[in-house]
2 protein chains.
Amino acid sequence: MPSIKAAIIGFGTVGKGVYKIVDEKREQIKKQTGYTVDIVAVLVRDITKTRNIFPGTVLTDNIDDILNNPEITVIFEAIVDEEPAYTYLSQAIEKGIHIITANKKMFAKHGPALLKHAEFRNIQVGYEATTAGGVPIIRTIGNLLSGDRVKRIQGILNGTSNFILTDMRTEGVPFKTALEDAQKLGFAEADPTDDVSGTDAFCKLMILSSLAFGSQPEWEKVSVVGIDHIQTDDVVEASNAGYRYRHVADIRQNDDGSLTAKVGPVLLEANHPLYSIDGVDNAVIVETEYLGALTLIGPGAGMYPTGSAMVADLLHIIRQQVTELIPN
Amino acid sequence: MPSIKAAIIGFGTVGKGVYKIVDEKREQIKKQTGYTVDIVAVLVRDITKTRNIFPGTVLTDNIDDILNNPEITVIFEAIVDEEPAYTYLSQAIEKGIHIITANKKMFAKHGPALLKHAEFRNIQVGYEATTAGGVPIIRTIGNLLSGDRVKRIQGILNGTSNFILTDMRTEGVPFKTALEDAQKLGFAEADPTDDVSGTDAFCKLMILSSLAFGSQPEWEKVSVVGIDHIQTDDVVEASNAGYRYRHVADIRQNDDGSLTAKVGPVLLEANHPLYSIDGVDNAVIVETEYLGALTLIGPGAGMYPTGSAMVADLLHIIRQQVTELIPN
């Protein structure tokens, strides 16, 4: 049975999720593609820490152990920061390794360059997991672009913010308590700055912009406001009046082709499609020329949704490019 | 510029929509695929009726004019009934013609056989437009099956029924008046029996069942109830008590692999994801092992949503199989 050898870069929640799903889905992947997938290496920062991995997987803190292993043809990248992720993935493309990333901060900025580089080298790039967790918005917009045109995208793209706003409304707790609740439940990072400041939602919106419109607005011209200054009194009062605060990322293409985007809390009426999206769910409304509005709602984060989006990217790559995944 | 020659079978709302979109999107399709698409023939019942078509399109009432034209490599089928659609498409597959259908009644029953036949002949079958109009549920479930497993599908699959229930609730009108409203607005067929009896939603559910579970439950064991016996008093009373009637198609896979399905009106609480879906929208909730629940909402019917789903199927086929679309 031919085997595809892959590596994981970054072994936090998402990296571990990919590792687990590839293991659990071994038989199903084999049946669907005719290949087995083996994670032969994992890049970690601290190699001395005990990890729950199989004997066949090599732990390393040196990226060259992965990039210079000619067996490895796919890399799952699940680091949080821009660097060293971008450098590693650029090197991977140079080496002919297909890449699958969940790194929104890196991809918002460097995605367009990586995609061009990858196209030139005939390398596949999967980035479904960068945006809206388990909601397959990247593939859906990609498909919509066949024979249709996107006019506007609006969405709740940060599950942590949405959880906090929901918690403030339903429990009447202050922002700080709601954030602590989110952290206790594993919905927020130890450092939640990017989530609550709107930066995370902004990055995802830029990724969607590149995909849907072929370009991004100038970053400094986009107003980005977080939820960290919202008062519980305001949230509860709005709720009693029939409105809800939602943190919405919004981009539209104007008639002259230019793009207008903004990210921040907005008050929504009960008949707005994003009014009822509670908790850590994400939701994206795509308005197109022919279809009208299409709404996708699903889990915005979590080990399994994000991990399975990355594994789905892998299966897509296998189907597209199977001959090049097995080195001679 | 190489050109792909296609035919349309059935020139009602959907057939006309495909014709219009292929014309309007000529340049975009060319840019995206490198091919132009020309509708060279349209099969109609009454050839004497005046039609709004271009000089390059031949009108015919004889299917053999299409099947025996070696230039034609794709057929869009937009007939309503099972026959002659199934016979025509079987013959098309035999002739090596790729097929794209919007015919749910035919595809619920004969889809599995057509797909096997097509696979054997290496022919592509597009059927996104059979189910939930412009909501890309076929492709989304197809993608989810990479590395995940569907456990349950629940949906509002008939836009006409949903429009009527919405109208009864918000306007307080009886069923008959709501149906007339739907017909006036172009949301219901002249013969709305399949819509209001639940048959249409049942057919769509069976198509989803084949895709998601690889099989269908025995048809006679599925309870199928329409909305034609619902009283406005009940709808309004439920609404005042905080509930809504929705016509829901529901199928789940049991632990032993068997399938349980039912189609009919149900009372939903305000926190149910289908509670807020009003008017002619369709909505589908797909529950999977890894992802949790994914919800898709969009226009359930109409010339443009359905037509653009069929054109998107064509572009997908072009990408998959481009070499075989141009005869030698």
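Residues numbered from 1 in each chain as written. Chains lettered and ligands numbered in written order. Predicted model: local features only at pLDDT ≥ 70, side-chain atom pairs only at ≥ 80, totals over all residues. Heavy atoms only, no water.

### Observations regarding the overall build of chain A
A tally of helices and strands in chain A yields 12 helices and 12 strands. Scaling as 2.2 N^0.38, a compact globule of 328 residues should have a C-alpha radius of gyration of about 20 Å, and chain A matches this with 20 Å. The dimensions of chain A, computed from C-alpha atoms along their principal axes, are 65 × 50 × 35 Å. Pairs at least 24 residues apart make up 69% of the contacts formed inside chain A by residues separated by at least 6 positions. (Helix = DSSP H or I, 4+ residues; strand = E, 2+ residues; numbered from the N terminus. Rg over C-alpha atoms; globule rule 2.2 N^0.38 Å. Contact = heavy atoms within 4.5 Å.)

### Overview of the packing of aromatic side chains
Residues and elements named next belong to chain B. Throughout the structure, instances matching the rule amount to 12 aromatic pairs over all chains. Taken together, a centroid distance of 5.6 Å and an interplanar angle of 85° make the contact between Phe11 and Tyr19 edge-to-face. Like Tyr19, Phe11 is buried. Taking the centre distance of 4.5 Å and the plane angle of 25° together, the rings of Phe107 and Tyr127 count as stacked. Here the residue Phe107 occupies a position in helix H5 (residues 104–120), and Tyr127 occupies one in the loop between strand S6 (125–126) and helix H6 (137–144), the gap between them amounting to 20 residues. (Phe/Tyr/Trp six-rings, centres within 6.5 Å; stacked < 30°, edge-to-face > 60°. Buried < 20%, exposed > 50% of the residue type's maximum accessible area, 1.4 Å probe, protein only.)

### Quick look at the domain arrangement of chain A
A common way to report how large an interface is uses the accessible area buried once the components associate. Residue and element names in this part refer to chain A. Split into domains, chain A comes out as domain 1 (3–133 + 304–324) and domain 2 (137–300). For domain 1 and domain 2, the distance between their C-alpha centres works out to 27 Å. Facing 16 residues of domain 1, the contacting portion of domain 2 comprises 18 residues. Across the interface of domain 1 and domain 2, roughly 1,500 Å² is buried in total on both sides, 62% from carbon and sulfur atoms. (Domains from an automatic or database assignment. Buried area = accessible area lost by both parts, 1.4 Å probe.)

### Structural notes on the interface of chain B and chain A
Across the contact, 33 residues belong to chain B and 33 residues belong to chain A. Of the roughly 2,600 Å² buried between chain B and chain A, counting both surfaces, carbon and sulfur atoms make up 55%. Per-residue buried area on chain B facing chain A is highest for Ser146, Tyr290 and Leu291 of chain B; these three make up 25% of the total on that side. Here chain B and chain A share two salt bridges between them. The salt bridge involving Glu289 of chain B is made with Lys25 of chain A; its shortest N-O contact spans 3.4 Å. Here chain B is connected to chain A by 12 residue pairs in polar contact (both at pLDDT 80 or more). (Salt bridge = Lys/Arg side-chain N within 4 Å of Asp/Glu carboxyl O. Polar contact = N/O pair within 3.5 Å; in protein donor to acceptor, adjacent residues only side chain to side chain.)

### Overview of the pairing of strand S4 (residues 72–77) of chain A
All names here are of chain A. In terms of burial, S4 is a largely internal element, six of the six residues being buried. Direction of pairing for strand S1 (residues 3–9) relative to S4: parallel, over a ladder of five bridges. Bridging from a neighbouring strand, Ala7 pairs with Ile75 of S4. Examined bridge by bridge, S4 and strand S5 (residues 98–101) share four bridges and lie parallel to one another. Paired with Val74 across the strands is His98, a residue of S5. (Pairing = 2+ DSSP bridges.)

### Considerations on the relation of the copies chain B and chain A
Superposition record for chain B on chain A: RMSD 0.0 Å, screw rotation 180°, translation along axis 0.0 Å. Each copy turns onto its partner about a two-fold axis. Looking at the rotation axis and the C-alpha trace of chain B, the residue lying nearest is Leu296 of chain B, at 2.3 Å. Here 100% of the contact residues of chain B are again contact residues in chain A; the copies associate through an equivalent surface. (Least-squares fit on C-alpha atoms with pLDDT ≥ 70 in both.)

### With respect to the environment of Thr13 of chain A
Residue placement: Thr13 of chain A occurs in helix H1 (residues 13–24). For the pair Thr13 of chain A and Asp200 of chain A, spaced 187 residues apart in the sequence, the C-alpha separation amounts to 17 Å.

### Description of the sheet that holds S4 of chain A
One open sheet accounts for six strands, arranged S3-S2-S1-S4-S5-S6 (chain A); its pairing is parallel. The outermost strands of the open sheet, each flanked by one partner alone, are strand S3 (58–60) and strand S6 (125–126) of chain A.

### A look at the sheet that holds strand S2 (residues 36–43) of chain B
Residue and element names in this part refer to chain B. Read from one edge to the other, the open sheet built from six strands follows the order S3-S2-S1-S4-S5-S6, with strand pairing classed as parallel. In this open sheet, the two strands that pair with only one neighbour each are strand S3 (58–60) and S6. By the bridge criterion, three bridges tie S2 to S3 in an arrangement that is parallel. Pairing of Val42 across the sheet is with Leu59, part of S3.

### Details of the UniProt feature "domain: Aspartate/homoserine dehydrogenase NAD-binding" (unreviewed entry) in chain A
Here the UniProt-annotated "domain: Aspartate/homoserine dehydrogenase NAD-binding" (unreviewed entry) positions come out as residues 10–125 of chain A. Along residues 10–125 of chain A one finds 44% helix and 19% strand; the C-alpha atoms at either end are 17 Å apart. (UniProt positions renumbered as here; feature names shortened; annotations may be inferred.)

### Considerations on the pairing of strand S12 (residues 292–299) of chain B
The element S12 of chain B is largely enclosed, with a buried count of six among its eight residues. Examined bridge by bridge, strand S12 (residues 292–299) of chain A and S12 of chain B share three bridges and lie antiparallel to one another. Following the sheet pairing, Thr295 of chain A is matched in S12 of chain B by Ile297 of chain B. Two elements, strand S11 (residues 281–288) of chain B and S12 of chain B, share eight bridges in a ladder whose sense is antiparallel.

### Structural notes on the packing of H6 of chain B against helix H10 (residues 199–213) of chain B
Residue and element names in this part refer to chain B. Between H6 and H10, the least distance of the axes is 9 Å, while the angle of their chain directions is 20°. Between H6 and H10, the angle falls in the class roughly parallel. The way H6 lies across H10 gives a crossing that is right-handed. Two secondary-structure elements touch here, H6 through Ile137, Ile138, Ile141 and Gly142 and H10 through Ile207, Leu208, Leu211 and Ala212. Looking at the contact of H6 with H10 residue by residue, the classes come out as seven nonpolar, one polar and no charged. (Axes fitted to C-alpha atoms, helices over the stretch in contact; angles between N-to-C directions. Parallel < 35°, antiparallel > 145°, perpendicular 65-115°, else oblique. Left-handed = near helix turned anticlockwise from the far one by under 90°. Nonpolar A, V, L, I, M, F, W, Y, C, P; charged D, E, K, R; others polar.)

### A closer look at the pattern of salt bridges
As a working rule, side chains carrying opposite charge can pair if their charged atoms are close by. In the structure shown here, the tally under the stated rule is 35 salt bridges over all chains. Here Lys176 of chain B ties to Glu180 of chain B by a salt bridge, and the two come within 3.2 Å at their closest N and O atoms. Taken together, the positions of Lys176 of chain B and Glu180 of chain B, both in helix H8 (residues 175–184) and four residues apart, correspond to about one turn of that helix. For Glu180 of chain B, a relative accessible area of 33% translates into the label partly exposed. In this structure, a network of salt bridges that share partners links the residues Lys25 of chain A together with Arg149 and Glu289 of chain B.

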